[in-house]
Amino acid sequence: MSAQMWESLYSEVGRTLKPSPIRELLKLTKKPGMISFAGGMPDPDIFPVAEFEEASGILASKGKEVLQYGATEGYEPLKAFLAEWMAPRMGRVTASEEMCITTGSQQVMDLFAAVMLDPGDIVIVEAPTYPGALHSLKNRGARFVSVPCDAEGMQVGLLPGIIESLRKEGKKVKFIYSIVNFQNPSGYTLSTARRRTLLETARQYSLPIFEDDPYGHLRFDGEHEPTIFSMDKEDIVLYACSFSKILAPGTRVAWVVGPKDIIRKMVMVKQGSDLCTSVVAQALVYEYCRLGHLDGFLPKIISHYRHKRDGMAKAFRECLPEKTEYAIPQGGFFFWLRLPGIDTKELFYKAVDRGVAFVIGESFFPGGGGNEFARTCFTFASETECEEGAKRLALAIGDLGK
């Protein structure tokens, strides 16, 4: 009887919730000896444990302050540090009221969606794109229209036709979402020329841009592209970044910068959500940064992950069939494989039987498709595991032909 009662009382979101297909498949990867290229996790061997322990000294000097409730907008010393540290990327020192500290960048999506979306509203996304963003936005009622990507990122030249078609159909487009650097899952980076076109298109159609940039600091080759935020003169860009990939995901500290009126509304939603992000976590991250550890750590982690990227490239080159297509990512965490003529969901089960896991391509396409694609993460597995995992993946591909 109670199950029927609960079922009758669920909200529309509660009734339509479905388990993540990625999470369900990854349950199969928990057996001993499995080599995982699946989860997009940093390498714990590179975590700055000693430096973070040193930063914990702030509890001795400011414990009574940081163990108390904090401002919803964030720990002011950390916000001031980020405003100065990010100024070269943002084009200026942003004001305190233009920034909010959040509990991971996933919360940025949820807060922005709460402010912006009514059920049925359209969010324009890349194809492929990050499933966590889709999950968060869908929970707020979003529907998605995808723009395909190539080696230069989102094919922004298609946007005017897509937007005009949607508006003729009476659909309300609310914003454009783009992971601009070393995109999850494709590893693509939106070129400078396309960033300018995207900004101009968004301005022309009066649409905000959500510029998601969790991997931008992790560039191994080439020069940094300018942020879209730094090009924006009309306050239509919201920029999000996180300490998860450049320090450690366990901190759960991220930040968002945008027009002060939007940030204020997001803060009001956050007040009703978690009151504030852990002040202890924010203070520890701030002290770590103040001591100079972040600037000292970034070159180390970039070198570490570049080596791992090169190791996966070598393993794939030596082990996978010649028909396998992929580009060498210039940064970030991921390789994006295309296996012509192979359904990667079928391949996944063969691969798990062989003791290696990846994420199937269809998980990243809200409109369907992606069956020939697979995402592999190079940051977590060891060099030996990477080589062995590539061999196992090759055997699994061979198994499909039997």
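Above this text sits the structure in question.
Asker: Honestly, the overall build of the protein in this entry has me stumped. Any pointers?
Answerer: Broken down by element type, the protein carries 17 helices and 13 strands. What you see for the protein is a C-alpha radius of gyration of 22 Å, in line with the 21 Å of a compact globule of 402 residues. In terms of its C-alpha atoms, the protein occupies a principal-axis envelope of roughly 65 × 60 × 55 Å. Counting over 402 residues, the protein shows a buried share of 52%.

Asker: Is there a simple way to think about the sheet that holds strand 13 (residues 373-377) in this case?
Answerer: Strand pairs in the sheet, formed through backbone hydrogen bonds, run parallel or antiparallel to each other. As summarised here, the arrangement of the three strands in space is 10-13-12, forming an open sheet in which the pairing is antiparallel. Two strands in the sheet have a free side with no partner beyond their single neighbour: strand 10 (334-338) and strand 12 (359-360). Of the strand pairs in this sheet, strand 12 and strand 13 are connected by two bridges, and their pairing is antiparallel. Each bridged residue has a counterpart across the sheet, and for Val359 the counterpart in strand 13 is Arg375.

Asker: Where do I start with the packing of helix 5 (residues 58-66) against helix 14 (residues 279-290) in this structure?
Answerer: Geometrically, a packed helix pair is captured by the angle between its two axes and the distance between the axes. At their nearest, the axes of helix 5 and helix 14 sit 11 Å apart, and the two run at 145 degrees to each other. The two elements helix 5 and helix 14 meet at a crossing, and its hand is right-handed. In contact with Ile58, Leu59 and Val66 of helix 5, helix 14 contributes Val279, Val280, Ala283, Leu284, Tyr286 and Glu287. Counted by class, the contact of helix 5 with helix 14 contains eight nonpolar, no polar and one charged residues.

Asker: Which parts of the structure should I look at to understand the layout of surface pockets?
Answerer: In this structure, the second largest pocket occupies an estimated 270 Å³ of space. Forming the boundary of the second largest pocket are 18 residues, of which Ala151, Ser186, Gly187, Tyr188 and Ala327 lie nearest the centre. Among the elements that take part in the lining of the second largest pocket, strand 10 stands out by supplying three residues, more than any other. Residues of the lining of the second largest pocket, tallied by class, amount to ten nonpolar, four polar and four charged.

Asker: Explanation requested: the packing of aromatic side chains in the structure shown.
Answerer: What describes a pair of aromatic rings is the distance from one ring centre to the other and the angle between the planes of the rings. Under the counting rule described, the total for this entry stands at 24 aromatic pairs. Seen from their ring centres, Tyr215 and Phe334 are 5.8 Å apart, and the 80 degrees between their planes marks the pair as edge-to-face. Note that Tyr215 is positioned in the loop between strand 7 (209-212) and helix 12 (228-231) and Phe334 in strand 10, a separation of 119 residues in sequence. By relative accessible area, which is 1% here, Phe334 ends up buried.

Asker: Mind showing me how you'd approach the packing of helix 15 (residues 293-319) against helix 17 (residues 383-400) here?
Answerer: Orientation of helix 15 relative to helix 17, taken along the N-to-C sense of each, is 30 degrees, at an axis distance of 9 Å. Classified by the angle between their axes, helix 15 and helix 17 sit roughly parallel to one another. Of the two elements, helix 15 crosses helix 17, and the hand of that crossing is right-handed. Residue-level contacts link His307, Gly311, Met312, Ala315, Phe316 and Cys319 of helix 15 to Glu383, Cys386, Glu387, Ala390, Lys391 and Ala394 of helix 17. Here the residues of the contact of helix 15 with helix 17 are counted per class, giving seven nonpolar, two polar and three charged.

Asker: Any chance you could explain helix 11 (residues 192-204) here in plain terms?
Answerer: An α-helical segment advances 3.6 residues per turn. Residues three or four places apart therefore align on the same side. Counted at 1.5 Å a residue, the expected span for helix 11 with its 13 residues is 18 Å, and the 18 Å between its end C-alpha atoms agrees. Looking at helix 11, one finds that the buried residues are Arg194, Arg195, Leu198, Leu199, Thr201 and Ala202. Here the buried residues of helix 11 occupy an arc of 165 degrees about the axis, which is enough to place them on one side. Facing away from the buried side of helix 11 by more than 90 degrees, the exposed set consists of Ala193 and Arg196.

Asker: Is there a simple way to explain helix 17 in this structure?
Answerer: Its 18 residues give helix 17 an end-to-end C-alpha distance of 26 Å, which sits within 8% of 26 Å, the value for a rise of 1.5 Å per residue. Taken residue by residue, helix 17 has Cys386, Gly389, Ala390, Arg392, Leu393, Ala394, Ala396, Ile397 and Asp399 as its buried positions. Next to the buried residues of helix 17 lie strand 1 (35-36), helix 15, strand 10, helix 16 (344-354) and strand 11 (356-357).

Asker: Is there a simple way to think about the environment of Tyr239 in this case?
Answerer: Tracing the backbone through its elements, the reader meets Tyr239 in strand 8 (residues 237-242). Once the C-alpha coordinates of Tyr239 and Ala3 are considered, the two residues, 236 residues apart in sequence, prove to be 42 Å apart. Contact partners of Tyr239, with chain neighbours within four places excluded, come to Met86, Arg89, Met90, Glu211, Asp213, Thr227, Phe229, Trp255, Val256 and Val257.

Asker: Would you take a moment to explain the pairing of strand 6 (residues 173-179) for this structure?
Answerer: Side-chain direction in a regular strand flips from residue to residue, so the side chains alternate between the two faces of the sheet. Counting buried residues along strand 6, seven of its seven residues qualify, which places the element largely inside the surrounding structure. The pairing of strand 3 (residues 122-127) with strand 6 spans three bridges and is parallel. From the neighbouring strand, Ile124 faces strand 6, where its bridge partner is Ile176. Examined bridge by bridge, strand 6 and strand 7 share four bridges and lie parallel to one another. Looking at the pairing, Ile179 lines up with Asp212 of strand 7.

Asker: Looking at this structure, how should I read empty space enclosed by the protein?
Answerer: Empty space among the atoms can be located by rolling a probe the size of a water molecule over them. Taken as a whole and assessed by the stated rule, the structure comprises two cavities of 30 Å³ or more. As for the largest cavity, its lining consists of His307, Lys308, Gly311, Met312, Phe378, Ala381, Ser382, Glu383 and Cys386. Mapped by element, the contributors of at least two residues to the lining of the largest cavity are helix 15 and helix 17. Tallying contributions element by element places helix 15 first for the lining of the largest cavity, with four residues. For the lining of the largest cavity, a count of residues per class yields four nonpolar, three polar and two charged. In this structure, the second largest cavity occupies an estimated 40 Å³ of space. If you go around the second largest cavity, the residues you meet are Leu82, Ala83, Met86, Ala87, Met90, Arg92, Thr94, Met99, Trp255 and Val257.

How each quantity is defined
- Residues numbered from 1 in each chain as written.
- Predicted model: local features only at pLDDT ≥ 70, side-chain atom pairs only at ≥ 80, totals over all residues.
- Heavy atoms only, no water.
- Helix = DSSP H or I, 4+ residues; strand = E, 2+ residues; numbered from the N terminus.
- Rg over C-alpha atoms; globule rule 2.2 N^0.38 Å.
- Buried < 20%, exposed > 50% of the residue type's maximum accessible area, 1.4 Å probe, protein only.
- Pairing = 2+ DSSP bridges.
- Axes fitted to C-alpha atoms, helices over the stretch in contact; angles between N-to-C directions.
- Left-handed = near helix turned anticlockwise from the far one by under 90°.
- Contact = heavy atoms within 4.5 Å.
- Nonpolar A, V, L, I, M, F, W, Y, C, P; charged D, E, K, R; others polar.
- 1 Å grid on protein atoms, 1.4 Å probe; cavity = no way out; pocket = protein on both sides within 12 Å on 5 of 7 lines; lining within 4 Å.
- Points joined across faces, edges and corners; volume = space filled by probe spheres on them.
- Phe/Tyr/Trp six-rings, centres within 6.5 Å; stacked < 30°, edge-to-face > 60°.
- Parallel < 35°, antiparallel > 145°, perpendicular 65-115°, else oblique.
- Expected span 1.5 Å × (residues − 1).
- Arc of directions from axis to C-beta.

By themselves, these figures tell us nothing about what the structure is for.
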